[in-house]
Amino acid sequence: MFGDYRKESYSAPVNVGEEYKVKIEDLGRDGDGIARVEGFVIFVPGAKVGDEVKIRISATRRKFAFAELVEE
């Protein structure tokens, strides 16, 4: 049962291929924009702080995800 609890607590609230409209809140150390979905950190290359953009999740990890910008 403990194993199930740990697994649940680390599941990402986003999935590869999903799209979101987000606001870039910060910059990562490599210059990627940082957005959050339900508090979950998403790195968005090519985005700047203050941008309101549409993104598509390209990869997820336990504590963060990567996304690409989607043209509207």
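Everything discussed here concerns the structure shown above.
Small disclaimer: the values here were computed from a predicted structure and weren't measured. (Residues numbered from 1 in each chain as written. Predicted model: local features only at pLDDT ≥ 70, side-chain atom pairs only at ≥ 80, totals over all residues. Heavy atoms only, no water.)

## Regarding the overall build of the protein
For the protein, the helix and strand inventory stands at one helix and six strands. When its helices and strands are written in sequence order, the protein yields α-β-β-β-β-β-β. When burial is assessed residue by residue, the protein has 28% of its 72 residues classed as buried. Taking the intrachain contacts of the protein between residues at least 6 apart in sequence as the baseline, contacts between residues at least 24 apart amount to 42%. (Helix = DSSP H or I, 4+ residues; strand = E, 2+ residues; numbered from the N terminus. Buried < 20%, exposed > 50% of the residue type's maximum accessible area, 1.4 Å probe, protein only. Contact = heavy atoms within 4.5 Å.)

## So, the packing of aromatic side chains
One pass over the structure, following the stated rule, counts three aromatic pairs. Centroid distance F64 to F66: 5.5 Å. Interplanar angle 90°. Geometry classified as edge-to-face. Its relative accessible area of 29% is what places F66 among the partly exposed residues. Here the aromatic residues F43, F64 and F66 are joined through ring pairs into a cluster of three or more. (Phe/Tyr/Trp six-rings, centres within 6.5 Å; stacked < 30°, edge-to-face > 60°.)

## Quick word on the pattern of salt bridges
Any two side chains of opposite charge can pair, so long as their charged atoms come close to each other. Inspection of every chain in the model, using the stated rule, returns four salt bridges. A salt bridge links R56 to E68; its shortest N-O distance comes to 3.2 Å. A residue pair is termed long-range when its members are at least 10 positions apart, and R56 in strand β5 (residues 52-60) and E68 in strand β6 (residues 64-69) qualify at twelve residues. With a relative accessible area of 30%, R56 lands in the partly exposed category. Residues participating in the shared-partner salt-bridge network are E19, K54, R56 and E68. (Salt bridge = Lys/Arg side-chain N within 4 Å of Asp/Glu carboxyl O.)

Purely geometric numbers; function is a separate question.
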